[in-house]
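Below, each chain spelled out in residue letters.
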Amino acid sequence: MSQQNHSSPSGGRVAAVVSGAIAGFLAFALVVAGAVLLYANGQKDHDGYLSTGSDRFHTSTYALATDDFDNHTDVPDWIDDGAALGHVRLKATSRDGKPVFVGIAPTKDVKAYLSGTAHANVTDVEYSPFHATYRTHGGDRPAPPVAQRFWTASANGHGTQTVQWKVRSGNWSIVVMNADGSANVDAGVRAGADAPWLSTAGWITIGGGAVFALLAGTLVYVGVRRPREPREPAALAPAAA
């Protein structure tokens, strides 16, 4: 009878090594992702915001508006009412010296306000280099935005105008106009967010990577360690005379 070769790995040991390699890859990915989140958190300005550059948005119509910003968080009210979701900050500066208006409001109110007026919706934004794509609608001149009462947050005037808005669940739109409602809107817009969850998310992600690294090491150890040799049976004592 041929002797069994104990040096060949079993199917279970091979599976352990493969599973360990997969867990190791996940650990590496989680640690990198966590490091990126912590790095981003460290790039906030002195006000605690991560911001884009000041990019030019312009239209020959009366208003610039974003498409529906769908922010359905599906979180409990005690979280949605707190600071967990953070704040958004918008800074708008007129490029032609006119008083500028920037506002945030529920999408349904913005659509009702701009219905039948000439305006442009921002449909896409690309960076490096910056390029914005618009969908233009024809119509009449709207009433001045400063006279409306549906804005959740707004600012208007000469120079740079800043709006800070606490993020809420729902459907929202951003509008940039000349404060008097006139045509030819041309403004530099800078957007930012304080993202208070970045640090916590970064450390949790790194912690998950550490757990997967420990699992990977355990699985690989189980897969590569040599199995114990079977023990020889003890010799039987001679029978008593």
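Figured I'd write up the structure that's included with this text.

So, how was this worked out
Every chain is numbered on its own, with residues counted from 1 as its sequence reads. Given that the model is predicted, a residue must reach a pLDDT of at least 70 before its local features are reported, and side-chain atom pairs must reach 80 or more before they are shown or counted; all residues, however, enter totals for whole chains, interfaces and linings. Where side-chain values are given, they derive from all heavy atoms of the structure, hydrogens and water being excluded. The criterion is simple. A nonpolar core is a set of buried Ala, Val, Leu, Ile, Met, Phe, Trp, Tyr and Cys residues joined through side-chain atoms within 4.5 Å. Buried residues are those whose accessible area, probed at 1.4 Å on protein chains only, stays under 20% of the maximum for their type, while exposed residues exceed 50% and partly exposed ones sit between those limits. Each helix is a run of DSSP H or I of at least 4 residues and each strand a run of E of at least 2, with the numbering of both proceeding from the N terminus. Each pair of strands is called paired provided DSSP finds at least two bridges between the two strands.

Here we take up the nonpolar core. Counting residues in each nonpolar core, the largest one holds 21 residues, and the members touching the most others are F57, L64, V102, I104, V163, W165 and V176. Among the elements of the structure, β5 (87-94), β6 (100-106), β7 (119-126), β9 (153-157), β10 (160-166), β11 (170-178) and β12 (185-193) are those that each provide at least two residues to this core. A65, F101, V110 and Y113 belong to the second largest nonpolar core, which has twelve residues in total.

Time to look at the pairing of β5. Here β5 runs beside β10; their pairing, made up of seven bridges, is antiparallel. Bridging across to β10, R89 finds its partner in Q164. Two strands pair when backbone bridges link them, and β5 and β12 are joined in this way by seven bridges, in the antiparallel orientation. If you follow R89 over to β12, its bridge partner there is G192.

Cis peptide bonds are those with omega within 30 degrees of zero, and the linkage from S128 to P129 qualifies with 0 degrees. Within the secondary structure, P129 is located in the loop between β7 and β8 (131-137). On the secondary structure map, S128 appears in the loop between β7 and β8. Looking at S128, the relative accessible area reads 76%, which means it is exposed. With a phi angle near 65 degrees, N184 is a residue other than glycine that sits in the positive phi range. Along the chain, the position of N184 falls in the loop between β11 and β12. With a relative accessible area of 44%, N184 lands in the partly exposed category.

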